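Chain by chain, the residues:
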Amino acid sequence: MASFFTSKQITAIIVSIAVIFVVLGVLTVIIEMTDDDDKSENNTEAIVDSVKDQDGGYKFDIKSEGVDDEDPEVNEDEVKVKKPLERDPYEELDELIGLQSVKDEVRSLANYVKVQKQREKQGLKNPKLSYHLVFTGSPGTGKTTVARIVARIYKDLGILKKGHLVETDRSGLIGQYVGQTAPRVNQMCDSALNGVLFIDEAYAITQGGSQDYGDEAVATLLKRMEDDRDRLVVIVAGYTNEMKDFINANPGLQSRFNRYINFPDYSPEELYDIFLMYLRKNEYNVSSEGANYLKRQLDYVVEHKDRNFGNARYVRNLFEKAIQCQANRLSQTKNATTEELTLLKLEDLKGAFGSK
């Protein structure tokens with residue numbers, strides 16, 4: 001029986017089928033790459049939908065993102081993802097107690113970016129601008145809060161698409177074993193894409209000694225800052241001298257971090273105002289004797305503070321101790337009145353300070 005196809009036709013059919021399979025394979029790879037990009041793009045939403053923490057932010061369990069589960073240093077408290085501020089960031093900034101120099105610096109930065117954006121729209125040349133920041137100062141001076149405000153301002157200015165904040169420190173970046181550090185840093189950067197990666201006490205990254213992986217963490221971070229320069233802003237924070245040494249020791253860090261904002265310690269009056277803020281937010285009052293005692297003690301504490309003084313954190317802990325003392329005092333009182341339940345007395349403040 002005669003063949004329906006000549007040998008040339010059969011060859012042509014086979015070649016056509018092979019080409020079709022190759023094209024299908026290429027399309028499959030492209031679709032998978034697109035899906036991966038979408039997953040990376042939406043990674044923040046997945047994180048933000050996770051575990052809400054008591055500060056209104058979100059905890060991110062890095063172990064669920066593929067890091068070795070046997071690493072004993074990893075835990076969910078090493079990373080917090082805070083969703084973008086909903087209120088006007090400038091109102092949030094103005095409502096902060098003290099920190100006038102910080103407020104001026106942030107507004108100056110925002111004004112500069114606004115004008116450069118206007119120049120860009122008109123086709124004018126702009127100097128290369130780095131949006132990365134160094135926050136210097138003691139603990140408890142509002143660095144994390146201001147970083148979150150900056151993230152929202154950057155979003156409003158069109159620098160960042162989402163404006164969320166991912167907060168971590170050395171423990172969230174450095175692995176204990178070979179091969180763990182780079183994946184950790186990359187995961188942090190992935191979670192912060194289109195937002196801000198905030199690294200507290202960043203100087204500690206390179207203080208682990210010669211057997212540590214701090215240099216690897218810095219190198220990986222610098223590469224991601226370059227690769228994702230249009231989608232990632234990094235803010236590093238810590239003590240003033242340590243942060244200057246940390247930045248100046250690495251030319252790559254020097255070239256990317258050239259704007260410093262210093263956070264001064266709070267004055268006794270500002271610490272007193274912060275204590276009053278905690279009272280208002282939690283529906284407490286303080287007696288006149290207690291208020292006078294509080295002012296005197298804060299004057300003394302500030303005068304004799306050391307470099308580890310916690311500033312606003314110290315006041316928060318003081319407030320918590322005071323209401324605990326009040327609770328102990330009222331524990332045997334049946335049917336306490338609203339006034340009794342809301343009033344902190346002199347003895348409660350003395351107990352909080354550990355006075356006799």
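None of the values given here were measured: they were computed from a predicted structure.

**Student:** Explain the overall build of the chain to me, using residue names and the numbers behind them.
**Tutor:** Counting its regular elements, the chain contains 15 helices and ten strands. With 356 residues in all, the chain has 42% of them scored as buried. Residue pairs in contact within the chain that sit at least 24 positions apart in sequence constitute 74% of those at least 6 positions apart. Only carbon and sulfur atoms are counted for the fraction: they give 50% of the accessible area of the chain, which is about 19,900 Å².

**Student:** Now, about unusual backbone geometry: what can you tell me, with residues and values included?
**Tutor:** Even without a glycine there, the phi angle at Leu99 is positive, about 60 degrees. Mapped onto the fold, Leu99 is located in the loop between helix H3 (89-95) and helix H4 (100-121). Even without being glycine, Asn311 reaches a positive phi, approximately 55 degrees. One can find Asn311 in the loop between helix H12 (288-303) and helix H13 (312-330).

**Student:** Lay out the side chain of Arg224 in plain terms, naming residues and giving numbers.
**Tutor:** Following the sequence through the fold, Arg224 ends up in helix H8 (residues 214-227). Overall, the relative accessible area of 11% leaves Arg224 in the buried class. Setting aside chain neighbours within four positions, we find Arg224 in contact with Asn186, Cys189, Asp190, Leu193, Arg229 and Leu232.

**Student:** Give a description of the pairing of strand S4 (residues 133-137) that names residues and reports values.
**Tutor:** For S4, the tally of buried residues reaches five of five residues, placing the bulk of the element in the interior. The side-chain alternation of S4 yields two buried faces, one formed by Leu133, Phe135 and Gly137 and the other by Val134 and Thr136. Where S4 lies against strand S7 (residues 232-238), four bridges are found, and the strand directions are parallel. If you follow Val134 over to S7, its bridge partner there is Val236. With four bridges connecting them, S4 and strand S8 (residues 260-263) associate as parallel partners. Looking at S8, one finds that Val134 is bridged to Tyr260.

**Student:** So, the environment of Ser171: which residues are in play, and what are the values?
**Tutor:** Relative to the elements of secondary structure, Ser171 occurs in helix H6 (residues 170-173). With 33 residues separating them along the chain, Ser171 and Ala204 place their C-alpha atoms 9.4 Å apart. Separated by 2.6 Å, the side chains of Ser171 and Asp169 make a polar contact.

**Student:** Which residues make up the pattern of salt bridges, and what values go with them?
**Tutor:** As enumerated under the stated definition, the model contains 13 salt bridges in all. Across the salt bridge formed by Lys223 and Asp227, the nearest N and O atoms sit 2.6 Å from each other. One end of the pair is Lys223 and the other is Asp227, both in helix H8 and four residues apart, which spans about a single turn. Owing to a relative accessible area of 46%, Asp227 belongs among the partly exposed residues under this scheme. One salt bridge connects Arg307 with Glu242, and the closest N-O pair in it is separated by 2.6 Å. Highlighted residues: Arg307 in the loop between H12 and H13 and Glu242 in helix H9 (residues 240-248), separated in sequence by 65 residues. Connected via shared salt-bridge partners are Arg87, Glu91, Glu92 and Glu95.

**Student:** Describe a nonpolar patch on the surface, and please don't skip the residues or the numbers.
**Tutor:** Taken together, the side chains of Ile13, Ile17, Ile20, Phe21 and Leu24 make up a nonpolar region of the molecular surface, amounting to roughly 490 Å² of accessible area. Topologically, Ile13 is positioned in helix H1 (residues 7-41).

**Student:** Give a detailed account of the nonpolar core, specifying residues and quantitative values.
**Tutor:** By size, the foremost hydrophobic cluster in this structure holds 54 residues, and its most contacted members are Phe135, Ile235 and Phe275. The biggest single contributor to this core is helix H5 (residues 143-156), with seven residues. Once residues lying within four places of it in the same chain are set aside, the contact partners of Phe135 are Lys143, Val146, Ala147, Val150, Phe198, Ile235, Val236, Ala237, Gly238, Met243, Ile261 and Phe263.

**Student:** How would you summarise the packing of aromatic side chains if you had to cite specific residues and measurements?
**Tutor:** Across all of its chains, the model carries eight aromatic pairs by this definition. Each ring, one from Tyr203 and one from Tyr239, has its centre 6.3 Å from the other, and the planes form 45 degrees; the classification is tilted. Highlighted residues: Tyr203 in the loop between strand S6 (195-199) and H8 and Tyr239 in the loop between S7 and H9, separated in sequence by 36 residues. The buried category is assigned to Tyr203, whose relative accessible area is 9%. Centre to centre, the rings of Phe275 and Phe319 are 5.9 Å apart; their planes meet at 80 degrees, and the pair counts as edge-to-face. Note that Phe275 is positioned in helix H11 (residues 268-281) and Phe319 in helix H13, a separation of 44 residues in sequence. Against the face of Tyr239 rests Arg307, its NZ or CZ located 4.1 Å from the ring centre.

**Student:** Give me the lowdown on the packing of H11 against H12, citing residues and values where you can.
**Tutor:** Interhelical geometry of H11 versus H12 gives an angle of 135 degrees and a closest axis separation of 9 Å. By the angle between their directions, the pair H11 and H12 is classed as oblique. Judged by the twist between their axes, the crossing of H11 over H12 is right-handed. Residues Pro268, Leu271, Tyr272 and Phe275 of H11 form the contact with H12, whose own contacting residues are Ala291, Leu294, Lys295, Leu298, Asp299 and Val302.

The rules behind these values
Residues numbered from 1 in each chain as written. Predicted model: local features only at pLDDT ≥ 70, side-chain atom pairs only at ≥ 80, totals over all residues. Heavy atoms only, no water. Helix = DSSP H or I, 4+ residues; strand = E, 2+ residues; numbered from the N terminus. Buried < 20%, exposed > 50% of the residue type's maximum accessible area, 1.4 Å probe, protein only. Contact = heavy atoms within 4.5 Å. Areas by Shrake-Rupley, 256 points an atom, 1.4 Å probe, with all protein chains shown as cover. Pairing = 2+ DSSP bridges. Polar contact = N/O pair within 3.5 Å; in protein donor to acceptor, adjacent residues only side chain to side chain. Salt bridge = Lys/Arg side-chain N within 4 Å of Asp/Glu carboxyl O. Patch = residues over 30% accessible without salt bridge, like charges linked within 9 Å, V, L, I, M, F, W, Y side chains within 5 Å. Core = buried A, V, L, I, M, F, W, Y, C linked by side-chain atoms within 4.5 Å. Phe/Tyr/Trp six-rings, centres within 6.5 Å; stacked < 30°, edge-to-face > 60°. Lys NZ or Arg CZ within 6 Å of the ring centre and 35° of its normal. Axes fitted to C-alpha atoms, helices over the stretch in contact; angles between N-to-C directions. Parallel < 35°, antiparallel > 145°, perpendicular 65-115°, else oblique. Left-handed = near helix turned anticlockwise from the far one by under 90°.

In short, shape yes, function no, at least from these values alone.
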